[in-house]
Structure formats: C-alpha cells, structure tokens
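The residues making up each chain are set out below.
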Amino acid sequence: MKQPKPAIFGGVPVRGTKLSYGRQYIDSEDIAAVADTLNSDFLTCGPKVEAFEAELCQLTGAGYAAAVSNGTAALHVACLAAGIGPGDEVITTPITFAATANAVLYCGGTPVFADIDPETYEIDPLSIESKITHKTKAVIAVDFTGQACDYDAIRAVCRKHGLLLIEDAAHSIGTCYRGIPVGKIADLTTFSFHPVKTVTAGEGGAVLAQDAALAERVKLFARHGITREKGLLRDQGNSGWYYEQQLLGYNYRLTDLQCALAVSQLKKLDRFAARRRELAEQYDRLLGAIPEVRLQKETDGSETVRHLYILRLDFSGLSCTRKEIYDALQAENIGVNVHYIPVYYFPYYQQLGYQKGLCPRAEEYYESCLTLPLFYSMTDRDQLDVVHAADKVIAYYRK
C-alpha cells in the first residue's frame, strides 16, 4: 500500500496548526493569586516567598528551601554553598541543559562529564566512579525527562569517596525514588519553574537542603551575602536596622508575584502529574509497535512525573537522517525538539579543551533522539496527531 506523502513533499499536514513540544497551563485561580498579590503590600521580599518555600518543604519533606530567580541561579548558589572553587572537579552528565555544567564554571570549578546509561539516558553510576580523582568534590546528577537517577548507586559512590551530591531536579518535581520525594534525596536539590516545566512561576527556581548550615549558605549567596537574622550576626550589639554582608553574594531573589503563581500551581501538582503519566503511558503503547522506535526505559524505583517524552530512532531501517525526520514532522505541524546536544559539543566548551568522544553512549544517544510534545493541557486528539504524524513520516522513509 502506497504511503501518504509527507507535507514537506507537498502532502497534506496532519494538523492545521502547530502543536508545541511544551507549554504552561494557567487558570483563573493562578490569575487571582497573582492579582491578590498585586493588590497587597508586598511585590517582593514578602510573605509569598516564605509561603512558597514552606510549600516546597511540605511537598518534598526537605528540611529547608530557598526560592531563587531561576533554575540556573539555583544551580549556581548550590555549587557555591557546596564550596566549589578553583581546582575542584564536579562530575555531571553531558545530556542536560548547559546551565548544569556552567554553574560549575561560574564557581571556578571544572565540569567532568560521565557517560549515560544507554536505556534510561540517566548518568551512569559506574561512569561516575571511573571519573573520580583527588580533585573531585561533588556530583551533579540530572533527573533527565523527569525520571529519577539510580540514587542507590550514586549515593553509595558519593559516600565512598566523600562527595557532596547535588540533584538537578529541573525536570522532576513530583517524582519519587523508592517512595522518597525528589527534594529529600540529595544533599542539595535544585528546581526550575520555567513555563515548560510541570509547575511554573513564569521564571523561577529553588534550592532544597537537608542540612541547616548548607541551607543558610544557599540563602546568603542568593541574597547578596546579607543577613538580618539576629542569631547569625557577628556584631550582636546593634538595633533592628542592622544587617551584615558576610560573603560576596548575588541578587537572585524571586518576587512575591512569581511565588504567588507558583504556590497556586503547586496546588494542582497531583493533577498535572497524573495527566503527564497518562500521556507518557499512552505514548509508550501507541509508539511501541513501530519497529524503528526505541522507548526510554524507566529507572528501577523511579515513580516518574514525565517532563519530556523522548524516543530514539533506529536508522538502520530508515533511508533518511534525523534532520529529515525532524523537518518532516515540523512540516506536519508537530513541534518536535531535541534534548540535548551534549554540553561539551558547544564551541565554548571546545575552546576550553573538551573534545568529542568523551562519552560515547551519550553521543550515540544524541544522534538518534527526538522529543515529542508533552504538556498537561495536551488532548488525546493532539497526541493521536503526534503518533499519526510520526507513523506517517517513518513509514515514508522505511527501507
């Protein structure tokens, strides 16, 4: 049977309008929460910030939380609080947004890239251990696509070598690992609240900690290095107006407006999580029968809230490149994407001396991966359009 012609070659596209790969969901409750804050006495440095931090601790079981301006700021202050500096090495994955490794560079440290598990796409604990040197100070594990890493193995490696564990949980709010919520697993956990994430603050981030001293360092670095807390002041003899700058920090504050939105969004997290799980399960069922498609394997113990839905293509049975598949699906009005280009491929990292070939499994993954649309308000009809378009394009290029 002759296959329908893809839209890129003059055929009729599956959809008449573009379906983006991710988008926020905002309802009247969110709008009212922000409006109430606009009408309040505080637009920043007010009670909504503390409310948001308290909600994050309640949700995750973490001891302490600090709201910050974005996910990159969260990674930066986490590295600063961990004491990362010149001469220190931090092991992470190359399959992540560049901010994960950049945060190490901001502190004067050196990112060291460990390879991934070829089936889960998460950082491989064995590769982490193989990269450890006397300079290694920390590991940043990334919950890629929302799936928790193999934290039993990673924590064992960190304990063995005396390393601090930072969890980049930009994708994984709501996920649990062996029943433990993300936010309570690592020494420090960073979240992002960008609009394509499960929960949004417009922009925003947070750092969660279990240790009071680490948490205090996070807050100091995020707020100019300044404190007003009586118990922390070195000069105890002054009045209520007094404050101290105790280290060189940054202005990474999150506003009450953004925190009001985030608190409202967190109330819907269970609903958001259930729909994302449902969509991911439907994708697995609908795409699993296509012979050229390989699905992401779930990490043992991860109860995942999926942020990204990734598939890999087996090009041995296809007469095309990934670019041709990507372009053809875009022409069908399916907003596919690619997550991620290995960080050390970028010109800036190449100038620092990183070279291709560092992580062969990560590089093989990159050459064959494709991100499909996934977001809370995506309908079953939207999803069927994605699957129909993928089946149509793959069938056209099948050898």
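Everything numeric here is computed off the predicted structure, so don't read it as measured data.

Draft legend 1. Looking closely at the pattern of salt bridges. With the rule as written, the count across this model stands at 20 salt bridges. Ionic pairing is found between lysine 297 and glutamate 119, a salt bridge with its closest N-O pair at 3.7 Å. Linking lysine 297 in the loop between β12 (293-295) and β13 (302-303) with glutamate 119 in the loop between β3 (110-113) and α5 (125-131), this pair joins segments that are 178 residues apart in sequence. A relative accessible area of 46% means that lysine 297 is categorised as partly exposed. A relative accessible area of 43% places glutamate 119 in the partly exposed class.

Draft legend 2. Region of interest: the packing of aromatic side chains. Counted under the stated rule, the structure contains 22 aromatic pairs. A centroid spacing of 6.2 Å and a plane angle of 65° characterise the contact between phenylalanine 113 and tyrosine 349, whose relative ring orientation is edge-to-face. On the criterion of sequence distance, the pair formed by phenylalanine 113 in strand β3 and tyrosine 349 in helix α11 (residues 347-351) is long-range, its members being 236 residues apart. Each member of the pair phenylalanine 113 and tyrosine 349 is classed as buried. Here the guanidinium or amino end of arginine 322 rests over the ring plane of tyrosine 366, the centre of that ring lying 4.8 Å away. One Lys or Arg, lysine 356, reaches over the ring of tyrosine 345 and ends 4.5 Å from the middle of that ring.

Draft legend 3. A look at unusual backbone geometry. Cis geometry marks the peptide bond from histidine 339 to tyrosine 340, where omega comes out at 0°. The phi dihedral of threonine 145 is positive, around 70°, even though this residue is not glycine. Mapped onto the elements, threonine 145 comes out in the loop between β4 (136-142) and α6 (151-161).

Draft legend 4. Structural view of the nonpolar core. Counting residues in hydrophobic clusters, the biggest one holds 43 residues, and the most contacted among them are Phe52, Leu56, Ile128, Tyr151, Ile154, Leu165 and Phe193. Broken down by secondary-structure element, the contributors of at least two residues to this core are α2 (47-60), β1 (64-68), β4, α6, β9 (205-209), α8 (256-266) and α9 (269-287). What tyrosine 151 contacts, discounting residues up to four positions off in sequence, is Ala141, Asp143, Leu165, Glu167, Tyr177 and Ile185. Counting 32 residues, the second largest nonpolar core, distinct from the first, contains Val68, Ala103, Leu164 and Leu247.

Draft legend 5. Main features of the side chain of glutamate 167. Counting through the fold element by element, glutamate 167 comes out in strand β5 (residues 164-168). Salt bridges are absent for the buried glutamate 167, whose nearest opposite-charge side chain, arginine 155, sits at 8.0 Å. Once residues lying within four places of it in the same chain are set aside, the contact partners of glutamate 167 are Ala141, Asp143, Tyr151, Ser172, Val182, Gly183, Ile185, Ala186, Leu188, Thr189 and Thr190.

Draft legend 6. Representation of the pairing of strand β2 (residues 89-92) in the model. Side chains of β2 alternate between two faces, with Glu89 and Ile91 and Val90 and Thr92 buried alike. With four bridges joining them, β2 and β3 adopt parallel strand pairing. Note on β3: the bridge partner recorded for threonine 92 is phenylalanine 113. Note: β2 against β4, three bridges, orientation parallel. Bridging across to β4, valine 90 finds its partner in alanine 138.

Draft legend 7. Geometry of the confidence of the model for the chain. Per-residue pLDDT for the chain has a mean of 97; in total, 99% of the residues score no lower than 70. Between the elements of the chain, mean pLDDT differs from a low of 92, seen in strand β10 (residues 226-227), to a high of 99, seen in β2.

Draft legend 8. Representation of the sheet that holds β9. Ordered by their spatial adjacency, seven strands build an open sheet running β1-β9-β8-β5-β4-β2-β3, and the pairing between neighbours is mixed. Edge positions in the sheet fall to β1 and β3, since each has one partner strand and no second. Averaged over all pairs of adjacent strands, the angle between strand axes in this sheet comes to 20°, irrespective of strand direction. Pairing analysis gives five bridges linking strand β8 (residues 188-192) to β9, with the strands arranged antiparallel.

Draft legend 9. Representation of the sheet that holds strand β14 (residues 309-313) within the structure. One open sheet accounts for three strands, arranged β12-β14-β15; its pairing is antiparallel. Because the sheet does not close on itself, it has two edges, and the strands there are β12 and β15 (369-372). Recorded for the sheet is a direction-independent mean angle of 40° between the axes of neighbouring strands. Where β14 and β15 come together, four bridges link them in antiparallel fashion. If you follow leucine 311 over to β15, its bridge partner there is leucine 370. Strand contacts of helix α12 (residues 360-368): β14 and β15, with the helix running at about 95° to β14, the strand carrying the most contacts.

Draft legend 10. Focus on helix α10 (residues 322-331). Burial in α10 covers these residues: Arg322, Ile325, Ala328 and Leu329. Down the axis of α10, the buried set is contained in an arc of 130°. They therefore lie on one face. In this structure, the buried side of α10 is in contact with β14, α12, β15 and α13 (380-397). Asparagine 333 occupies a position one or two residues after α10 and carries a positive phi of about 70°.

Draft legend 11. The packing of helix α3 (residues 71-81) against helix α4 (residues 99-106), seen in detail. Look at α3 against α4: their axes get within 8 Å of each other, and the N-to-C directions meet at 40°. Taken together, the axes of α3 and α4 are oblique relative to one another. Remark: the crossing between α3 and α4 carries right-handed chirality. Contact residues: α3 offers Thr72, Leu75, His76 and Cys79, while α4 offers Ala99, Thr100, Ala103, Val104 and Tyr106. Broken down by class, the residue content of the contact of α3 with α4 amounts to six nonpolar, three polar and no charged.

Draft legend 12. The side chain of threonine 175, seen in detail. Mapping threonine 175 onto the fold places it in the loop between β5 and β6 (176-177). Ignoring any residue separated from it by four or fewer positions in sequence, one finds threonine 175 in contact with Gly146, Ala148, Ile180, Pro181, Val182, Ser302, Glu303, Thr304 and Val305.

Scoring rules and cut-offs
Along each chain, the written sequence defines residue order, and numbers are assigned to residues from 1. Local features in a predicted model are, by the rule used here, given only for residues with pLDDT of at least 70; side-chain atom pairs are given and counted only at 80 or more, and totals for whole chains, interfaces and linings are based on all residues. Hydrogens and waters are ignored; side-chain quantities use all the structure's heavy atoms. Here, a salt bridge means any side-chain nitrogen of Lys or Arg that lies within 4 Å of a carboxyl oxygen of Asp or Glu. The way it works is that DSSP assigns letters per residue, a run of H or I at least four long becomes a helix, a run of E at least two long becomes a strand, and they are numbered from the N terminus. Exposure classes here rest on a 1.4 Å probe applied to the protein chains alone. A residue is buried below 20% of its type maximum, exposed above 50%, and partly exposed in between. Here a pair means two rings of Phe, Tyr or Trp (six-membered ring of Trp) with centres within 6.5 Å. Their orientation is stacked below 30 degrees between planes, edge-to-face above 60, and tilted elsewhere. Look at NZ for Lys and CZ for Arg. If either is within 6 Å of the ring centre and within 35 degrees of the ring normal, a charge sits over the ring. Side-chain atoms within 4.5 Å link the members of a nonpolar core, which is a set of buried Ala, Val, Leu, Ile, Met, Phe, Trp, Tyr and Cys residues. Working rule for contacts: check all heavy atoms of both residues, and any pair within 4.5 Å makes them a contact. This count recognises Lys and Arg as positive and Asp and Glu as negative, with His and chain-terminal groups excluded. Strand pairing requires that DSSP identify at least two bridges connecting the strands. pLDDT expresses, on a scale from 0 to 100, how confident the predictor is about each individual residue. Only the stretch in contact is used when a helix axis is fitted, and all axes are lines through C-alpha atoms; the angle between N-to-C directions ranges over 0 to 180 degrees. Relevant arc is that of directions from the helix axis to the C-beta atoms, nothing else. Angles below 35 degrees are treated as roughly parallel, those above 145 as roughly antiparallel, those between 65 and 115 as roughly perpendicular, and all remaining angles as oblique. Note: crossing handedness is left-handed where the near helix turns anticlockwise from the far helix by less than a right angle, and right-handed where it turns clockwise. The classification used treats Ala, Val, Leu, Ile, Met, Phe, Trp, Tyr, Cys and Pro as nonpolar, Asp, Glu, Lys and Arg as charged, and all other residues, Gly among them, as polar.

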